Structure formats: C-alpha cells, structure tokens
Amino acid sequence: MVEVGTTNKTKFSDYEKAISADTAMIVKAHRSNFDIVGFTEEVSVRDLASLAHQRGLAFLYDIGSGLIRKPKNLHLEKEPDVESAIAAGADLVAFSGTNCSAAPRRGLSWAKKNISQRYARRP
C-alpha cells in the first residue's frame, strides 16, 4: 500500500505518480465524521475511476457510512452513497453494515462481477 498526497491536499497528479508496475488497485477513503477546511484539495471519485480504468486497475471507494442512496428531503448532499459511487465508476464500494442496518458491527461491500472474480481467493 502506498500513501498518496497529504492529509489536506491530494492532486490527480499525485495518484498518477504513485502508480507503478506493482499497483493492482486505486483506493479512496471518505473522511468520516470530520471536515478539513481551508487550504484543501481532493480528487473526485469519477476522475479516480477513470484513471484506474485507463491503467487497467480496479478502483475501490470506501464511503465510510452505510448510506445506500441519498434519501429525498434530507441534507445529505455532501455525503457519499453506494448508488452514486457506482454511477461514478467505482468497481468496488466498501461501506458500513452497522450504520445501514443498526445491527452488530459489520462491514459490507459491493463489487462488479468481473472485479470480484479477479480478486477472489483461490484455494
């Protein structure tokens, strides 16, 4: 795993420079439960998915929350959701099963069939 960019400022070119022959996947994790304000920059899900696909890589977006889709009439415009992540090109989406079902702690994921087959464990 290679860390890309800095805490408050990460550019598209930072991801491009970090890709090597050993790279299998690009990962973006949403900042859950806090904001960084001021001098900030981050790369969109759509742009990272496009970069990954151009380079023959998978793209994983960890949205942090358990928001499957954005409900109407709630102020969640800035919160990522599974449906939007898929629409933006993510191959895999990791999210909280605890938050979306009020169940015991668990993580959930969604993956395109070809991606899940590529990364499946083999005996």
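The text that follows walks through the structure, step by step, so that each part is easy to find. (Residues numbered from 1 in each chain as written. Predicted model: local features only at pLDDT ≥ 70, side-chain atom pairs only at ≥ 80, totals over all residues. Heavy atoms only, no water.)

## As for the environment of Val37
In step 1: Among the secondary structure elements, Val37 is positioned in the loop between strand 1 (25-29) and helix 2 (45-54).
In step 2: Residue class for Val37 comes out exposed when judged on its relative accessible area of 74%.
In step 3: Once the C-alpha coordinates of Val37 and Asn8 are considered, the two residues, 29 residues apart in sequence, prove to be 8.3 Å apart. (Helix = DSSP H or I, 4+ residues; strand = E, 2+ residues; numbered from the N terminus. Buried < 20%, exposed > 50% of the residue type's maximum accessible area, 1.4 Å probe, protein only.)

## Quick look at the nonpolar core
In step 1: Formed by 19 residues in total, the largest nonpolar core has its most connected members in Ile26, Phe59, Tyr61, Ile63 and Val93.
In step 2: Elements with a minimum of two residues in this core: helix 2, strand 2 (58-62), helix 3 (82-87) and strand 3 (92-96).
In step 3: In terms of residue count, helix 2 provides more of this core than any other element does, five residues in total. (Core = buried A, V, L, I, M, F, W, Y, C linked by side-chain atoms within 4.5 Å.)

## Comments concerning the pattern of salt bridges
In step 1: Counted by the stated rule, this structure contains two salt bridges.
In step 2: Between Lys9 and Glu41 there is a salt bridge whose closest N-O contact spans 3.3 Å. Separated by 32 residues along the polypeptide, Lys9 in the segment before helix 1 (12-18) and Glu41 in the loop between strand 1 and helix 2 bring together distant segments of the chain.
In step 3: For the salt bridge of Glu42 with Lys28, the shortest nitrogen-to-oxygen distance reads 2.7 Å. Here the residue Glu42 occupies a position in the loop between strand 1 and helix 2, and Lys28 occupies one in strand 1, the gap between them amounting to 14 residues. (Salt bridge = Lys/Arg side-chain N within 4 Å of Asp/Glu carboxyl O.)

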